[in-house]
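Secondary and tertiary structure notes
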Amino acid sequence: MAVTVEIGRQFVSDEDLEVIADKVKAAHQLIFNGGGPGEEFLGWVSLPENYDKEEFARIKDVARRIRETSDVLVSIGIGGSYLGARAVTDLLQPDNDDFEVIFAGKSLSARELNDIMWRLECRDWSINIISKSGTTTEPAVVFRVLRQKLIEKYGEEAANKRIFATTDREHGTLHDLAVDREWEMFVVPDDIGGRYSVLTAVGLLPIAAAGIDIDALMAGAAGARGDLIDEKNTAVQYAAARNILLGKGYDIEVMSCFEPSWASFNEWWKQLFGESEGKDGQGIMPNSMIFTTDLHSLGQYMQDGKRQIFESFVVIAEPISDIQIPEDSAEDDVGYLAGKNLSYINDKALEATIKAHSDGGVPVNVVRIPRIDAYEIGYFIYFMEVVCGVSAYVAGVNPFNQPGVEAYKRNMFALLGKV
């Protein structure tokens, strides 16, 4: 198994796991066999094997064309329409790649949009607009602004060849606009919700444009499916442990990692679990930290604050890169580290933090990933989707709806006078 989880067993006993075993088994069956609330959105479960091969090939072809004609792809979307793609590109895009994917449409900030337009000056660029309906305010507004900029730069006919729409297969505002303007289209599947959609065209087009091997990404997800389809695996045990800890009053989970490039994965993970579990007055609040940076800001609370938090450390076995600390005659108090690799020092900081937090009363789980490559990240994505679905079903909530998301929209539309 490419991703494994070590449960903090001083806080989760064999007896705890035995008590919840039947619920966990039933939840696992609902994920892989259907029959539960939201089962119409289980398309992601078989996706690694049953994805549209023709569209997949077209994604790779379009990504190649975008890279040949553009320096930048502006990916416009919000929530599940961008978080997964950004997580993967931030982590896996080669450092020496001059091509840039800019993620836009995720806020209503004029400053952010003006900054994006400034970054596009004197560069060739294309747009991938991602929206099931085309009416979500943030991406719709930003798309209108950037579409006009694209037309000003290239003219309308040429601009239309630089716009790629990922939207509903048959209906909706964006679908109709794309048909009218003859934009190349990709599909947001009906049976996969946004936060589970990173391995569809929603995430794969910007990921492929970033120069990342999406064949390996899908192979990793397929490997995870093969490992997790049996109910006895660490993903299921992790889901069980989360609910056991919730029952003991630990209602905040912090995902911590000692690699700054993991930060966007934390954001994807927070949406996945927050939107799936946070409903009906219950759920675990997902939060995240990047160490060692946050040890110097929130470390005090983690060590000595209210005991309602449990922590899941993401540990990457092989360093992404490394630097050796040089010899130096200066009296700078770090001479004892000369000759050691920075990854070694970072690992010791990790070990020390896990011990300190665990000794301080924080339940600690360790999520281990062998290395950072497209296969392992595809595996991790699918692994966490299974954990999330099983965990939510164990808690008794529908993992695939998000009724609370619409509340702010209704209020905003009323204040803006939308009819």
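Analysis parameters
- Residues numbered from 1 in each chain as written.
- Predicted model: local features only at pLDDT ≥ 70, side-chain atom pairs only at ≥ 80, totals over all residues.
- Heavy atoms only, no water.
- Core = buried A, V, L, I, M, F, W, Y, C linked by side-chain atoms within 4.5 Å.
- Buried < 20%, exposed > 50% of the residue type's maximum accessible area, 1.4 Å probe, protein only.
- Helix = DSSP H or I, 4+ residues; strand = E, 2+ residues; numbered from the N terminus.
- Contact = heavy atoms within 4.5 Å.
- Polar contact = N/O pair within 3.5 Å; in protein donor to acceptor, adjacent residues only side chain to side chain.
- 1 Å grid on protein atoms, 1.4 Å probe; cavity = no way out; pocket = protein on both sides within 12 Å on 5 of 7 lines; lining within 4 Å.
- Points joined across faces, edges and corners; volume = space filled by probe spheres on them.
- Nonpolar A, V, L, I, M, F, W, Y, C, P; charged D, E, K, R; others polar.
- Expected span 1.5 Å × (residues − 1).
- Bend = angle between axes of the 7 residues up to and from the residue.
- Pairing = 2+ DSSP bridges.
- Axes fitted to C-alpha atoms, helices over the stretch in contact; angles between N-to-C directions.
- Salt bridge = Lys/Arg side-chain N within 4 Å of Asp/Glu carboxyl O.

A short note on the nonpolar core
Judged by nonpolar contacts, the single largest core of 94 residues is most densely connected at Trp262 and Trp268. The biggest single contributor to this core is helix α15 (residues 374–395), with 14 residues. Discounting chain neighbours no more than four positions away, the residues touching Trp268 are Leu83, Gly84, Ala87, Arg195, Val198, Phe380, Ile381, Met384 and Glu385. In this structure, Ile76, Ile116, Ile129 and Ala178 belong to the second largest nonpolar core, which totals 22 residues.

Concerning unusual backbone geometry
Following Phe291, the chain continues into Thr292 via a peptide bond in cis, with omega recorded as 10°. You can see Thr292 is positioned in the loop between β8 (285–290) and α13 (299–304). Phi at Cys122 is positive, roughly 65°, even though this residue is not glycine. Tracing the backbone through its elements, the reader meets Cys122 in the loop between α5 (110–120) and β4 (125–130). Positive phi outside glycine occurs at Glu182, with the angle close to 60°. Given the relative accessible area of 70%, Glu182 is considered exposed.

Remarks on the environment of Arg371
Take Arg371: it is sitting in the loop between β10 (364–369) and α15. In contact with Arg371, other than residues within four places in its own chain, are Ile316, Glu318 and Glu376. A distance of 3.5 Å separates a polar atom in the side chain of Arg371 from a polar atom in the side chain of Glu318. A distance of 2.9 Å separates polar atoms of two side chains, one belonging to Arg371 and the other to Glu376.

What about the layout of surface pockets?
Of the pockets and cavities examined, the largest pocket occupies roughly 890 Å³. Forming the boundary of the largest pocket are 37 residues, of which Ile78, Thr136, Gly194, Gln402 and Lys409 lie nearest the centre. Of the residues in the lining of the largest pocket, the class split is 15 nonpolar, 14 polar and 8 charged. Its volume calculated, the second largest pocket comes out at about 480 Å³. In terms of lining, the second largest pocket is formed by 22 residues, of which the most central are Phe258, Glu259, Ser321, Ser343 and Asn346. Residue assignment for the lining of the second largest pocket shows that the elements contributing at least two residues are β9 (309–316) and α14 (342–359). For the lining of the second largest pocket, the element with the highest residue contribution is α14, accounting for 7 residues. In terms of residue class, the lining of the second largest pocket is made up of 14 nonpolar, 4 polar and 4 charged.

A closer look at helix α11 (residues 234–247)
With 14 residues, α11 extends 20 Å between its outermost C-alpha atoms, agreeing within 8% with the 20 Å of an ideal straight helix rising 1.5 Å per residue. Burial within α11 is extensive, with 11 of its 14 residues counted as buried. Listed as buried for α11 are Thr234, Ala235, Val236, Tyr238, Ala239, Ala240, Ala241, Arg242, Asn243, Ile244 and Leu245. Looking at where α11 begins, the residue whose side-chain oxygen comes 3.0 Å from the main-chain nitrogen of Ala235 is Asn233. Taken from the residues just after α11, Gly249 is the one with a positive phi, measuring 100°.

Section: helix α1 (residues 14–33)
Between the first and last C-alpha of α1 there are 27 Å, a value that for 20 residues agrees with the 28 Å anticipated at 1.5 Å per step. When the local axis directions of α1 are compared, the greatest deviation, roughly 50°, occurs at Ala21. Turning to α1, its buried residues are Asp16, Leu17, Ile20, Val24, Ala27, His28, Ile31 and Phe32. A positive backbone phi angle near 80° is found at Gly34, which sits one or two residues after α1.

Describing the side chain of Thr200
Following the sequence through the fold, Thr200 ends up in the loop between β6 (184–187) and α9 (201–209). Overall, the relative accessible area of 4% leaves Thr200 in the buried class.

A few points about the sheet that holds strand β3 (residues 100–104)
One open sheet accounts for 5 strands, arranged β3-β2-β4-β5-β6; its pairing is parallel. The strands lining the two open edges of the sheet, one partner per strand, are β3 and β6. For this sheet the average axis-to-axis angle between neighbouring strands, irrespective of direction, equals 20°. Looking at chain direction, strand β2 (residues 72–76) and β4 are connected through 5 bridges and run parallel. Each bridged residue has a counterpart across the sheet, and for Ser75 the counterpart in β4 is Asn128.

Overview of the pattern of salt bridges
Summed over the entire model, instances satisfying the criterion amount to 30 salt bridges. The partner of Glu6 in a salt bridge is Arg368, with the nearest N and O atoms 2.5 Å apart. In this pair, Glu6 is assigned in strand β1 (residues 4–6) and Arg368 in strand β10, connecting sequence segments 362 residues apart. You can call Glu6 partly exposed: its relative accessible area is 39%. Among the salt bridges present, the one from Glu100 reaches Arg123, with a minimum N-O distance of 3.0 Å. Separated by 23 residues along the polypeptide, Glu100 in strand β3 and Arg123 in the loop between α5 and β4 bring together distant segments of the chain.

Topic: the side chain of Arg225
For Arg225, the location among the structural elements is in helix α10 (residues 214–228). On the basis of relative accessible area, Arg225 is assigned to the buried category, the value being 13%.

Some remarks on the sheet that holds β8
Spatial strand order, β1-β10-β9-β7-β8: 5 strands in an open sheet with mixed pairing. If you trace the sheet from one side to the other, it starts and ends with β1 and β8, each paired once. Taken pair by pair, the neighbouring strands of this sheet meet at an average axis angle of 25°, ignoring direction. Sheet analysis places β9 next to β10, joined by 6 bridges and oriented parallel. The residue of β10 that forms the bridge with Ile316 is Ile369. Packed on one face of the sheet, α15 meets β1, β7 (252–257) and β10 and runs near 145° to β10.

By themselves, these figures tell us nothing about what the structure is for.
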